[in-house]
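Chain residues, written in single-letter form:
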Amino acid sequence: MSHMYLGLKLIHVLAVALFLGNITTGVFWKANADRTRDPRIIGNMLEGIIRADRLFTMPPILFILIGGIGAAIAGNYPILGTGWIFWSIVLFTLSGIAFMAQVGPLQRKMLALVRQSGETLDWAAYRSLSHGWEIWGAVALVAPAIAVVLMVMKPAIPGLGALLGK
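As the structure is a prediction and not an experimental result, all values here were calculated from the model.

S.K.: So what exactly am I meant to see when it comes to the pattern of salt bridges here?
M.R.: Close approach of charged atoms allows side chains with opposite charge to pair. Applying the stated rule across the entire model yields 5 salt bridges. Across the salt bridge formed by arginine 127 and aspartate 34, the nearest N and O atoms sit 4.0 Å from each other. With a gap of 93 residues between them, arginine 127 in helix 4 (residues 123-153) and aspartate 34 in helix 1 (residues 3-36) connect regions that are remote in the sequence. Residue arginine 127 pairs with glutamate 134 through a salt bridge whose shortest N-O separation is 3.2 Å. In this structure arginine 127 comes out as partly exposed when scored by relative accessible area, which is 28%. Residues joined in a network through salt bridges with shared partners are Lys30, Asp34, Arg127 and Glu134.

Structure, rendered in structure tokens:
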């Protein structure tokens, strides 16, 4: 194995660890803050999660892509023809769509609701938004976690070419 392949793979793995670690801790801190039902604590937590996403979720995406695609090229893996790579990319994309279309907007809506509530949070409205966040957040977390399993186990599953009959 070349040093280039191993270096790119290391970048990829470290970025994945940071990416998944931040998402996972965000789920933990949200559940912890929600238990208090205190709008100040919940607002602080949401601000922290949004800030952490900007610092520890979004930037690693670039390194996940550069490291992963670079390692595949350096390791002579056909990206779309290697099933575990192709399906990991599909899952990673699904995670990104879930985050951009649902999780991020829901976080901002929850924060706006908490900020406008003052001392008395409309708990039913908050829980409604929060429930959606939990569902889409699970998609955004579980999809790349499954991709990690595929990357580590490297199962013999068909890639895009096999699906298209090539």
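S.K.: What am I meant to see in the side chain of serine 88 here?
M.R.: Note that serine 88 resides in helix 3 (residues 83-117). You can call serine 88 buried: its relative accessible area is 4%. Once residues within four sequence positions are removed from consideration, serine 88 is found in contact with Ala147, Leu150 and Met151.

S.K.: Looking at this structure, how should I read empty space enclosed by the protein?
M.R.: Rolled over the atoms, a probe as big as a water molecule pinpoints where empty space is left. Scanning the entire structure with this criterion turns up 1 cavity of 30 Å³ or more. Quantified by volume, the largest cavity comes out at close to 110 Å³. Along the wall of the largest cavity there are 13 residues; nearest its centre are Ile23, Asp53, Val103, Gln107 and Trp133. Of all the secondary structure elements, the ones that give two or more residues to the lining of the largest cavity are helix 1, helix 2 (39-74), helix 3 and helix 4. If you tally residues by element for the lining of the largest cavity, the top one is helix 1, at 4 residues. Its residues placed into classes, the lining of the largest cavity shows 7 nonpolar, 5 polar and 1 charged.

S.K.: Sorry, what's going on with the nonpolar core here?
M.R.: Side chains of nonpolar character tend, in soluble globular proteins, to be buried together. Counting residues in hydrophobic clusters, the biggest one holds 20 residues, and the most contacted among them are Ile42, Met45, Leu46, Met110, Val114, Leu121 and Tyr126. Mapped by element, the contributors of at least two residues to this core are helix 2, helix 3 and helix 4. No other element matches helix 3, which puts 8 residues into this core. Beyond its immediate chain neighbours, meaning those up to four positions away, isoleucine 42 contacts Ala33, Asp34, Thr36, Arg37, Val114, Leu121, Trp123 and Tyr126.

S.K.: Mind showing me how you'd approach the layout of surface pockets here?
M.R.: In this structure, the largest pocket occupies an estimated 570 Å³ of space. Lining the largest pocket are 27 residues, and of these His12, Val16, Gly68, Trp84 and Met151 lie nearest its centre. Of all the secondary structure elements, the ones that give two or more residues to the lining of the largest pocket are helix 1, helix 2, helix 3 and helix 4. Class assignment of the residues belonging to the lining of the largest pocket gives a composition of 21 nonpolar, 4 polar and 2 charged. Empty space within the second largest pocket amounts to approximately 160 Å³. Broken down by secondary-structure element, the contributors of at least two residues to the lining of the second largest pocket are helix 1 and helix 4. Counting residues per element, the lining of the second largest pocket draws most heavily on helix 4, at 6 residues. Of the residues in the lining of the second largest pocket, the class split is 5 nonpolar, 1 polar and 4 charged.

Analysis parameters
Residues numbered from 1 in each chain as written. Predicted model: local features only at pLDDT ≥ 70, side-chain atom pairs only at ≥ 80, totals over all residues. Heavy atoms only, no water. Salt bridge = Lys/Arg side-chain N within 4 Å of Asp/Glu carboxyl O. Helix = DSSP H or I, 4+ residues; strand = E, 2+ residues; numbered from the N terminus. Buried < 20%, exposed > 50% of the residue type's maximum accessible area, 1.4 Å probe, protein only. Contact = heavy atoms within 4.5 Å. 1 Å grid on protein atoms, 1.4 Å probe; cavity = no way out; pocket = protein on both sides within 12 Å on 5 of 7 lines; lining within 4 Å. Points joined across faces, edges and corners; volume = space filled by probe spheres on them. Nonpolar A, V, L, I, M, F, W, Y, C, P; charged D, E, K, R; others polar. Core = buried A, V, L, I, M, F, W, Y, C linked by side-chain atoms within 4.5 Å.

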